[in-house]
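# Reading the structure
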Amino acid sequence: MAVTIAFQTCDFCDVYKSDESGAFRVLPPVFQHFGGKMQFAGQVTTVKCFEDNSLVKQALDTAGQGRVLVVDGGGSLRKALVGGNLAAAAAHNGWAGVLVYGCVRDAAELRAAEVGICALALMPMPTDKRGEGQKDAVVDIAGVRLQPGDWLYADEDGIVIAATALHL
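Residues numbered from 1 in each chain as written. Predicted model: local features only at pLDDT ≥ 70, side-chain atom pairs only at ≥ 80, totals over all residues. Heavy atoms only, no water.

## What to know about the overall build of the protein
Counted only if it meets this: In DSSP terms, a helix is any run of H or I states spanning at least four residues, a strand is any run of E spanning at least two, and both are numbered starting from the N terminus. Restricting the calculation to C-alpha atoms gives the radius of gyration, and the globule rule supplies 2.2 Å times the number of residues raised to the power 0.38. Categorising residues by exposure relies on relative accessible area from a 1.4 Å probe, with only protein chains included: less than 20% of the type maximum marks a residue as buried, more than 50% marks it as exposed, and the intermediate range marks it as partly exposed. Any pair of residues with heavy atoms lying within 4.5 Å of one another is described as a contacting pair. Accessible surface area values rest on a Shrake-Rupley calculation with a 1.4 Å probe, where residue burial reflects the displayed protein chains alone. Here the positive residues are Lys and Arg and the negative ones are Asp and Glu; neither His nor the chain ends is included. Note on charges: their place is set at NZ of Lys, CZ of Arg, CG of Asp or CD of Glu.
The helix and strand inventory of the protein stands at four helices and twelve strands. Expected size for 168 residues packed as a compact globule is a radius of gyration near 15 Å; at 14 Å, the protein falls within 12% of this value. Taking the principal axes of its C-alpha atoms as reference, the protein extends roughly 45 × 25 × 25 Å. Taking all 168 residues of the protein together, 48% fall into the buried category. A fraction of 75% describes how many contacts in the protein between residues 6 or more apart in sequence connect residues 24 or more apart. Accessible surface computed for the protein: about 7900 Å², of which carbon and sulfur atoms make up 52%. Once the 14 positive and 19 negative side-chain charges of the protein are each reduced to a mean point, those two points are 7 Å apart.

Structure (structure tokens):
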């Protein structure tokens, strides 16, 4: 079960607005919320894939331990990398959230899942299953570098990334 962390991304930005170390980053405002939770946070694990969600399914079928799965789908708008079944698996397995640099589908099922889900857009077309991709890779999400072990905080104001936990 994912643990709820109280925070506001605006408060983090007020504190770290002058930080030039690269340890604090803000994702551009291109993501929409689709999951049942508008606010979520957790340590990042990554999957890099393109129009193939085999490794996404593999990850979300494991214990999430309150983490956030960041899926680098290359920004593709042609196939959905997460749908209702994977959202339900993420909630059941204790993931705090999923950030998809690409598309998702099954909007009603995503809203019903008790997990945070952010993505670029909805797309009803499913992916191919080729078993391709990389786990735990450093990824570039909309021009922002993320790596496993970073912390992601998402709420209705935006998404911030930090090299270490900010809520302690």
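## Structural notes on the packing of aromatic side chains
Short version of the rule: Only the six-membered ring of Trp is used, alongside the rings of Phe and Tyr, when aromatic pairs are assigned; centres must lie within 6.5 Å, and planes under 30 degrees apart are stacked while those over 60 apart are edge-to-face, with the rest tilted.
A complete count under the given rule lists six aromatic pairs for this structure. Ring geometry for Phe7 against Tyr153: centres 5.2 Å apart, planes inclined by 75°, an arrangement best described as edge-to-face. A residue pair is termed long-range when its members are at least 10 positions apart, and Phe7 in the segment before α1 (9-16) and Tyr153 in strand β11 (residues 151-155) qualify at 146 residues. Tyr153 gets classed as buried once you look at its relative accessible area, which sits at 0%. Ring centres of Trp151 and Tyr153 lie 6.3 Å apart, and the angle between their planes is 25°; this geometry places the pair in the stacked category. Each member of the pair, Trp151 together with Tyr153, is buried. Joined through ring pairs, the aromatic side chains of Phe7, Phe12, Trp151 and Tyr153 make up one cluster.

## Re the nonpolar core
Filter applied, for reference: In plain words, nonpolar cores are sets of buried Ala, Val, Leu, Ile, Met, Phe, Trp, Tyr and Cys residues tied together by side-chain atoms within 4.5 Å.
The biggest cluster of nonpolar side chains holds 23 residues, and the ones touching the most others in it are Val56, Leu60, Leu69, Val71, Val82, Val100 and Val104. Elements with a minimum of two residues in this core: α2 (54-60), β4 (68-72), β5 (80-82), α3 (84-92), β6 (97-104) and β7 (116-122). In terms of residue count, α2 provides more of this core than any other element does, four residues in total. The next biggest cluster of nonpolar side chains, apart from the first, holds 19 residues, and it includes Phe31, Phe40, Cys118 and Leu120.

## Considerations on the environment of Ala119
Examined against the element boundaries, Ala119 turns out to sit in strand β7. Residue Ala119 is classed as buried on the basis of its relative accessible area, which comes to 0%. Sequence separation between Ala119 and His33 is 86 residues; the distance between their C-alpha atoms is 6.8 Å. Once you skip the residues sitting within four places of it in the chain, Ala119 turns out to touch Val30, Phe31, Gln32, Phe34, Val100, Gly102 and Val104.

## A closer look at the side chain of Asp150
Note the cut-off: Pairs of N or O atoms are called polar contacts if they sit within 3.5 Å, as long as, within protein, a hydrogen donor faces a hydrogen acceptor (for residues adjacent in sequence, only side-chain-to-side-chain pairs).
Among the structural elements, Asp150 can be located in the loop between β10 (144-146) and β11. Separated by 2.6 Å, the side chains of Asp150 and Arg25 make a polar contact. Look past the residues within four positions of Asp150 in its chain and what remains in contact with it is Arg25, Gly42, Gln43, Val44, Arg145, Ile161, Ala162 and Ala163.

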